[in-house]
Amino acid sequence: MKHFNAKTTDFLYTKFTRVTPVTKGPLFEMCYFIIGDIFKKLMSNMSKLFVYPYQIEGTEFEDLIFYKEERIILAICAHEHFAYMDLEDDEYEEFAKLNILHELKE
């Protein structure tokens, strides 16, 4: 199985799993990054949450999950049109400034 091999310093590691925060099923390669330039680039180029694939260094990704320490702050399963956000008020204010089309449901 081919591993994602990023050149960016934001890249941490990959892990193969059948369970992710947004999907269960076949074997997935999860790629872990720190929140840095890759995150900023993805967010600044995103017009809607569910427009995919997301491009990172020429590789296409369908699902994105962002953590702040151990807390998931944003998980997107684009093909299912499902997203989960757990943002503090100040974090949501920053997210809202990006003008990414989304709808909130509690």
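What counts and what doesn't
- Just so you know, the residues in each chain are numbered from 1, in the order the chain's sequence is written.
- Local features in this predicted model are restricted to residues of pLDDT 70 or higher, and side-chain atom pairs are both shown and tallied only at a pLDDT of 80 or more, whereas totals for entire chains, interfaces and linings draw on every residue.
- Each side-chain value is worked out from all heavy atoms of the structure, with water and hydrogens disregarded.
- Paired strands, in this sense, are two strands between which DSSP finds at least two bridges.
- A run of DSSP states H or I qualifies as a helix once it reaches four residues; a run of E qualifies as a strand once it reaches two. Both are numbered from the N-terminal end.
- Between N-to-C directions, angles cover 0 to 180 degrees, with each direction set by a line fitted to C-alpha atoms, over the stretch in contact for helices.
- Only protein chains enter the area calculation, which uses a 1.4 Å probe; residues under 20% of their type maximum are buried, those over 50% are exposed, and those in between are partly exposed.
- Of all possible arcs, the one meant is that of the directions from the helix axis to the C-beta atoms.
- Working rule for contacts: check all heavy atoms of both residues, and any pair within 4.5 Å makes them a contact.
- The term polar contact refers here to a pair of N or O atoms within 3.5 Å; inside protein, the definition further demands a hydrogen-donor-capable atom paired with an acceptor-capable atom, and it admits residues adjacent in sequence only when both atoms are side-chain atoms.

**Points about the sheet that holds strand β5 (residues 63-68)**
Strand order in this open sheet of three strands is β5-β6-β7, and the pairing throughout is antiparallel. The open sheet has two edge strands, β5 and β7 (82-85), and neither has a second partner. Across the sheet, the mean angle separating the axes of adjacent strands is 10 degrees when strand polarity is ignored. Looking at chain direction, strand β6 (residues 71-77) and β7 are connected through four bridges and run antiparallel. The partner of cysteine 77 across the bridge, within β7, is phenylalanine 82.

**Some points on helix α1 (residues 37-45)**
One full turn of an α-helix is made of 3.6 residues, so residues set three or four places apart face in the same direction. Within α1, the full set of buried residues consists of Ile38, Phe39, Leu42 and Met43. Taken around the axis of α1, the buried residues stretch over an arc of 125 degrees, which confines them to a single face. Residues of α1 that are exposed and point more than 90 degrees away from the buried face comprise Asp37, Lys40, Lys41, Ser44 and Asn45. In this structure, the buried side of α1 is in contact with β2 (24-33), β3 (54-56), β5, β6 and α2 (89-96).

**Some points on the side chain of threonine 20**
By the secondary structure assignment, threonine 20 is in the loop between β1 (11-19) and β2. Of the polar contacts made by the side chain of threonine 20, one reaches the side chain of threonine 23; its length is 2.7 Å.

**Here's the deal with the environment of lysine 41**
Tracing the backbone through its elements, the reader meets lysine 41 in helix α1. Between the C-alpha atom of lysine 41 and that of isoleucine 100, which follows or precedes it by 59 residues, the distance is 13 Å.

Nothing here speaks to function; it is all geometry.
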